[in-house]
Amino acid sequence: MMELSCDPLALTTAVNTLAVSLAARLNDEDLELTAALLVQLGETLETISVQRRQTRGGR
């Protein structure tokens, strides 16, 4: 299993940097679509995580 340990401030900075970089390269329409897709991805991953917890470890 992969263990992810990262300084929370460094992780926040990395995510912010990625967001600013993407926003600088996308027009408004593509930025909206990208944001919507990433929200859907995050929510789907959260659903999978909850289902795994409920089945005591899942896959």
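First, a word on what this report is: a plain description of the structure on this page. (Residues numbered from 1 in each chain as written. Predicted model: local features only at pLDDT ≥ 70, side-chain atom pairs only at ≥ 80, totals over all residues. Heavy atoms only, no water.)

When helices and strands are tallied, the protein shows two helices and zero strands. With 59 residues in all, the protein has 0% of them scored as buried. Per element, the accessible surface of the protein, about 5,700 Å² overall, is 60% carbon and sulfur. (Helix = DSSP H or I, 4+ residues; strand = E, 2+ residues; numbered from the N terminus. Buried < 20%, exposed > 50% of the residue type's maximum accessible area, 1.4 Å probe, protein only. Areas by Shrake-Rupley, 256 points an atom, 1.4 Å probe, with all protein chains shown as cover.)

Before going further, it helps to spend a moment on helix α2 (residues 28-54). Residue pairs spaced three or four apart in an α-helix point in one direction, given the helix's 3.6 residues per turn. Counted at 1.5 Å a residue, the expected span for α2 with its 27 residues is 39 Å, and the 39 Å between its end C-alpha atoms agrees. At the N-terminal boundary of α2, the capping side chain belongs to asparagine 27, with an oxygen 3.1 Å from the backbone nitrogen of glutamate 29. With its phi angle positive at about 55°, arginine 56 sits one or two positions after the end of α2. (Expected span 1.5 Å × (residues − 1). Polar contact = N/O pair within 3.5 Å; in protein donor to acceptor, adjacent residues only side chain to side chain.)

Negative charge collects at one region of the surface, where Asp28, Glu29, Asp30 and Glu32 lie side by side. Mapped onto the secondary structure, aspartate 28 falls in helix α2. (Patch = residues over 30% accessible without salt bridge, like charges linked within 9 Å, V, L, I, M, F, W, Y side chains within 5 Å. Salt bridge = Lys/Arg side-chain N within 4 Å of Asp/Glu carboxyl O. Lys, Arg positive; Asp, Glu negative; His and termini not counted. Charge placed at Lys NZ, Arg CZ, Asp CG, Glu CD.)

Residues Leu18, Leu22, Leu38, Leu41, Leu45 and Ile48 make up a contiguous nonpolar surface patch of roughly 540 Å² in combined accessible area. Among the elements of the structure, α1 (8-25) and α2 are those that each provide at least two residues to the nonpolar patch.

The subject of this paragraph is α1. Over its 18 residues, α1 runs 26 Å from end to end, which matches the ideal 26 Å to within 8%, given 1.5 Å per residue. Among the residues of α1, the N-terminal cap falls to aspartate 7, whose side-chain oxygen and the backbone nitrogen of leucine 9 are separated by 3.1 Å.

To continue, consider the pattern of salt bridges. Following the criterion strictly, the structure yields one salt bridge and no others. Linking arginine 53 and glutamate 46 is a salt bridge whose minimum nitrogen-to-oxygen distance equals 3.9 Å. Given a relative accessible area of 56%, arginine 53 falls into the exposed group.

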